[in-house]
Amino acid sequence: MNSFEIYKLLKNHFGEVGSWWPKDGPFEIVVGAILTQQSTWTNVEKALKNLKDSNIFTPNDIFELPLEDLKQIIKPSGFFNQKAERLRKISEYLLYTYGGELELLFAKDKNIIRKELLELKGIGNETADSIILYAAEKTEFVVDSYTKRIYSRLKIVEENIKYEDLKEYIVNEIPENLLIYQEFHGLIVLLGKNICKKKNPNCNNCPLGSKCNFLINKKDINHS
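Because the structure is predicted, anything quoted here is derived from the model rather than measured. (Residues numbered from 1 in each chain as written. Predicted model: local features only at pLDDT ≥ 70, side-chain atom pairs only at ≥ 80, totals over all residues. Heavy atoms only, no water.)

## A look at the side chain of K167
Relative to the assigned elements, K167 resides in helix α11 (residues 163–171). Residues contacting K167, with those up to four places away along its chain left out, are R114, D129, E140, F141 and V143. (Helix = DSSP H or I, 4+ residues; strand = E, 2+ residues; numbered from the N terminus. Contact = heavy atoms within 4.5 Å.)

Encoded structure:
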């Protein structure tokens, strides 16, 4: 079973999800991509609401806000000391390099955007790719912990596969299309969050169950 078959099975099960990432604008996606590091989306939404309630909408708003105030505002997302510094760093970069205009950054080739983002402290592969895919709206596939869990349980890859290796494996098997990239990532999130959980996965309701070695092994254990 290749990645495009997985995509079609998930889409048939969950339906149309479109551009999965909730957003009110490109900069909110940038902020959300940083806040979601080691956090749940529920807690990220609380932090984003706090920012909106405090009228924090732009790189300049974050850069001018006292760091301690920013920490308290984003506290629900967890690891708020690190994340506040990372938000300040990327806001400063956007201000001094692009005058706070994200479209100037996003007008560049995706490989250049990725290189620039990865040079910023606290921005790793997943965060950079999320920003490029959802904020810049360019075809850069996002691999997350759900992706690794699902692909390793299907015995397609090893559980400890490197980010870039799994990403390359997937993009070689799906059309390079923005909506497919966004939708496939969203479908993987839905499966990992609601069915293929880290503990006590709901294998009986999984659309990939008939192809999954994890379910087969689970049945063998139950009948042994």
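Now that the structure has been shown, we can carry on.
## Overview of the UniProt feature "domain: HhH-GPD" (unreviewed entry) in the protein chain
As recorded in UniProt, the sites labelled "domain: HhH-GPD" (unreviewed entry) are residues 35–194. For the annotated span residues 35–194, helix accounts for 66% and strand for 0% of the residues, and the straight-line distance between the end C-alpha atoms is 21 Å. (UniProt positions renumbered as here; feature names shortened; annotations may be inferred.)

## Thoughts on the state of the cysteines
Using the criterion set out here, one finds zero disulfides in the structure. The thiol of C196 is not disulfide-bonded; the next cysteine sulfur, from C206, is found 6.0 Å away. Look at C196 and you get buried, because its relative accessible area is 10%. (Disulfide = S-S within 2.5 Å. Buried < 20%, exposed > 50% of the residue type's maximum accessible area, 1.4 Å probe, protein only.)

## What about the nonpolar core?
Among the nonpolar cores identified, the biggest contains 64 residues, and L35, L51, I74, I90, F106, L117 and F184 are the most heavily contacted of them. For this core, the element with the highest residue contribution is helix α2 (residues 26–35), accounting for seven residues. Both domains that furnish three or more residues to this core are identified here as domain 1 (3–18 + 150–222) and domain 2 (26–135). Residue contacts for I74: discarding those within four places in its chain leaves L35, A47, L51, F80, K83, A84 and L87. (Core = buried A, V, L, I, M, F, W, Y, C linked by side-chain atoms within 4.5 Å. Domains from an automatic or database assignment.)

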